[in-house]
Every structure is written in structure tokens, then in C-alpha cells.
Amino acid sequence: MSPEGKEAARVKAGYGPAWGTDELPAPVPYTRANILKLIGPGVILLSLSIGSGEWLMGPAAVVKYGTAILWITTVGIVTQTLFNLECSRYTLYCGEPIMIGFTRLWPGPKLWTPVWIIISFLCLGPGWAVASATALAAMMLNRMPGKAEQPVVQVAGAILFVAVIVILMFGGKIEALLEKLNKYIVAFVFGSLVILCVGFVPGKAWAEIFTGFFRFGWLPAGKVDWFLLAGLAGYAGAGGIFNMAQSNWFRDKGYAMGASVGYIPSLIGGRQIRVSPVGKVFPSTRESFEKFRTWWRYAVFDQAWVWGLGCWIGMFLCTLLAFGMIPTGTSLSGWSAAAHQAEGVGKVLGTVGWYWVLLIGFWVLWGTQLTVSDTFVRQVTDLLWYASPTVRRWSKEDIRKLYYSVLIAFTIWAFYMFNKGVPLHLVALVANFANVAFFVAGIQLLFIDRMLPREIRGHALYKLGVVVLVLFYGAFMVVGLGTQLFGLKF
């Protein structure tokens, strides 16, 4: 690249070190066979999404308030899909995860790096491990665990969390390991839900659930649990920093310029990889833009058709099963919330149905904790790797040392949080902080494309979607955290 081109790249890189330059790798032809080979981040994110909004928040809200509340998830999934794609656009161009892009905005990394580490910290917790332990305890007790069994559930949750840590130590490339595991989890969960819903949920319930997704603007009258509804909005798709993690996985999978930056290897079975702290951009040529558009088509399929459509179907099936099996008006809370579907199915199918649905719940929730843990650790690792030369020197340029140090710190905090609440409340709490992440990230994302060449910037539809996302999640951020933390009345 000419000196003038390098200077242009430096200016467009914003408030941070200049990008490097490299050729954009040529994508394989866009065919059905190659699509199946290249999808991955959407599958990982889909597995996480099923365990947060779909299995816990969605059914709890529908059973309590009725099907009309599901319009919240429609708006959430559509706007999040557009949000995900705009995050991916940045990563395909320079290879950096989107959070690093956010730190390049004014006034620079010294402010935004700690801000995003704090937001990431608030958006994570051990709620899914505790919830999966609830399902496990129910299978052992042959009944829903009550308050008396809380210590047993917490110990089981801690053991399951340790299992998450152990698994993240193996596999060569952590992204590839998550992709393989989550493909099996998603196949088992979706297949089981389809069989149960087709076989045992009446047709009337199918129609009510479907129409509920399109009753835009409906809200329940009277006393409303805004904390629950704001949590439903936050986890209607994935949830804040989880959505942004797909850009990290795109880099690690080697999409577009991500291939020239590197990936995070596992501690056991992986080899030391030099991960560039700064991204690399390709020359602004017609040939490069054509290659970029093919990479973009793969990203659209992964995020829109695998993740976006998959999220909507997952929410449909999970809420349909709960709505068809549990009386409307039931308040699902406490230690029974994580396995509420099993009680209803058990009344129809007996012991087989009871254990079957508990097994679904276990894999959904434990698989979510696995992906959630990697998400937090990965985000913090990438931010520190980019922002701190001291950290890179300390780790002797081996990013694994930083990744597993952050993982240990997260584990200590998670064990502390095990005693701070029941599963649904823990998940609802971090879901509300997801609204904060969407609000802040959405505003920043509107400015990110100024660093991209005009030829690959998103068109007005994407920007409109992000604007709607900012307004939507900003409103739920105020009502959810306002009622819970500040006692506001709405």
C-alpha cells in the first residue's frame, strides 16, 4: 500500500494504534456445501440464546401475562440480527472484535476499555450453572427442589461450573470446540422440542403463540413485573455482550481479515499462537471489495438464517411447550423456575416425560453457562490484549496466559455469586444489564462505519435497525433497573 494509503488507514483507525495492512483472503465459492462448512458463530450464539431468553425468561413471561407479550421478542430478535451484522462488518474489514472498535471511538481506549470491562462484568453470572443444577437435582429427587434443597443445588451448580472450566482447557482452538459441542446441543434441544410440541400441544395453543409475536405494543395492565419484562427484552435473542462475542468468534474462525489476526488456543491441545493486538485492513481495490461481499454473504447466512431465525423458532417452541402445559397466570419463580416445563409434561407423559424435559433443560442451561463463561473471558482478554502492552509483555506474547488468568478470576466471582439468589433472579438481573450493553453499544455502532470504506458500509436499513434497538433497549433499561434498583414506579 502506498504511503498515502497507509496514512488514510491510520486516520480511519480512530483513537488507537494504526491498523496493519494485508491482502484479504479469497473466500471459497458461495455454495450450499461451503455454507455448511463455514457457519459456526451463529450456532454457538444460538445455543447460548436458547438457555437465556427462550428456556427461562420467555416461558415465565408468557405463563404469567399471556402470549401477547411475545412481540417484545420479535422486536428484540430483528434488531439484534441487524446489530450482529453491523458488528460483523467491522470484524470482516479489520479482523478486530467489535469491542476493540468501540474503544477506538472518542476519547479512546483509556475510557472505553475499563467501561466495557465493567459492563461485561455486570452482564455475566453463574445463574445458568445453578439453573442446570436445579434440573439435575430434580432428576435425582424425582420432584422439584424446594428451599430446603438449596444448599444441594448450589453445590451441584459449583461442580457443574468447574466442569465448564475444565472443558474450556481442551480442544486446540476454543472457538472450534464450542462450535462442535453446541451443534450437538442445538440438534438435541430443537429435535426434542419439535417432538414434544407436535405430539402434545393442542393446535389452538400454536395459533395463540404465533399471533402473540405480532401484537406489537401490547403491555399488561395493573401491577407489572417490569424487571421480568425488561429481562425478557434483554435476552429475547442473545443479550448484550453475548451478541458482540460473535465478532470474536468470526475472528477466531478466520472469516475475512480475521484470518490474518489470529485466534485464542486452548491450554491443553493448543499451541502458542501470536495474536496481533491490532487489526489489519485490506487495500481498497475492486477485487478486494468483491471478495469482501462474498465473505459478507456467509456472515449474513450465519447470523440472519442460522441465529436470527433459529432464535425465533427456539422462542416459539419453548414458550409453546410452557403455554400448552402450564396454566396461564402461574408465577414461575424460585428454585422451580429452571425446570417448570418438566412438571407440565410429566402430567401428560409420566416419568418418561418428566426426565426427558429435565434433560433438555439441563443441556440447554449448562451449555449456556459454558458459552457464557467463554464470552466474558474472551471479551476481557481481547480488550486487555489490545489496550495494554504491559499485559502482553507479562504473558510473553502467549494470549493463553491472559485468557486462563481471567477465567480463574471469573470463577472466584461466580462462586461468590452462588449464594446471592435463585436461578431465575440471577439470570433476570444480568439480563437487565444486557439492556445497558445494547444501549451503549448501539449508540457507538452508529459511528463505527466512519472507519470503514464507503463501498462496504451498511445501508440505511441497518442504521435504522440500530436506532430502533437503542430506543427499545434504552426504554427497558430505564423501567427494568429503575424499578429494581431505585424503586421507580411505572
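Residues numbered from 1 in each chain as written. Predicted model: local features only at pLDDT ≥ 70, side-chain atom pairs only at ≥ 80, totals over all residues. Heavy atoms only, no water.

(A) Here's a closer look at the overall build of the protein chain. When its secondary structure is counted, the protein chain shows 19 helices and two strands. Computed over C-alpha atoms, the radius of gyration of the protein chain comes to 22 Å, within 12% of the 23 Å expected from 2.2 N^0.38 for 490 residues, which places it in the range of a compact globule. Seen through its C-alpha atoms, the protein chain measures out along the principal axes to roughly 70 × 50 × 45 Å. Counting every position in the protein chain, which comprises 490 residues, the buried fraction comes to 62%. When contacts within the protein chain are restricted to residue pairs at least 6 apart in sequence, those whose partners lie at least 24 apart make up 86%. (Helix = DSSP H or I, 4+ residues; strand = E, 2+ residues; numbered from the N terminus. Rg over C-alpha atoms; globule rule 2.2 N^0.38 Å. Buried < 20%, exposed > 50% of the residue type's maximum accessible area, 1.4 Å probe, protein only. Contact = heavy atoms within 4.5 Å.)

(B) Molecular detail of the packing of helix H9 (residues 174–200) against helix H12 (residues 241–253). The contact between H9 and H12 brings their axes to 9 Å, and the two run at 110 degrees. In terms of axis orientation, H9 runs roughly perpendicular to H12. Facing H9, whose interface residues are Glu175, Leu178 and Glu179, H12 presents Trp249, Asp252 and Lys253. Looking at side-chain class alone, the contact of H9 with H12 contains two nonpolar, no polar and four charged residues. (Axes fitted to C-alpha atoms, helices over the stretch in contact; angles between N-to-C directions. Parallel < 35°, antiparallel > 145°, perpendicular 65-115°, else oblique. Nonpolar A, V, L, I, M, F, W, Y, C, P; charged D, E, K, R; others polar.)

(C) Highlighting the environment of Leu178. Relative to the helices and strands, Leu178 is located in helix H9. The spacing of Leu178 and Asp374 is 196 residues in sequence and 9.0 Å in space, taken between C-alpha atoms.

(D) Helix H8 (residues 150–167), seen in detail. Across its 18 residues, H8 extends 26 Å between first and last C-alpha, which sits within 8% of the 26 Å expected from 1.5 Å per residue. Taken residue by residue, H8 has Val153, Gln154, Ala156, Gly157, Ala158, Leu160, Phe161, Val164 and Ile165 as its buried positions. (Expected span 1.5 Å × (residues − 1).)

(E) Focus on the packing of H9 against helix H15 (residues 351–387). At a minimum axis distance of 10 Å, the contact between H9 and H15 shows a crossing angle of 150 degrees. Classed by the angle they form, the pair H9 and H15 counts as roughly antiparallel. For H9 against H15, the interelement crossing comes out left-handed. Contacts between H9 and H15 pair Ile174, Glu175, Leu178, Leu181, Asn182, Ile185, Phe188, Val189, Ser192, Ile195 and Leu196 from the former with Trp356, Val357, Leu359, Ile360, Trp363, Val364, Gly367, Leu370, Thr371, Asp374 and Arg378 from the latter. For the contact of H9 with H15, a count of residues per class yields 15 nonpolar, four polar and three charged. (Left-handed = near helix turned anticlockwise from the far one by under 90°.)

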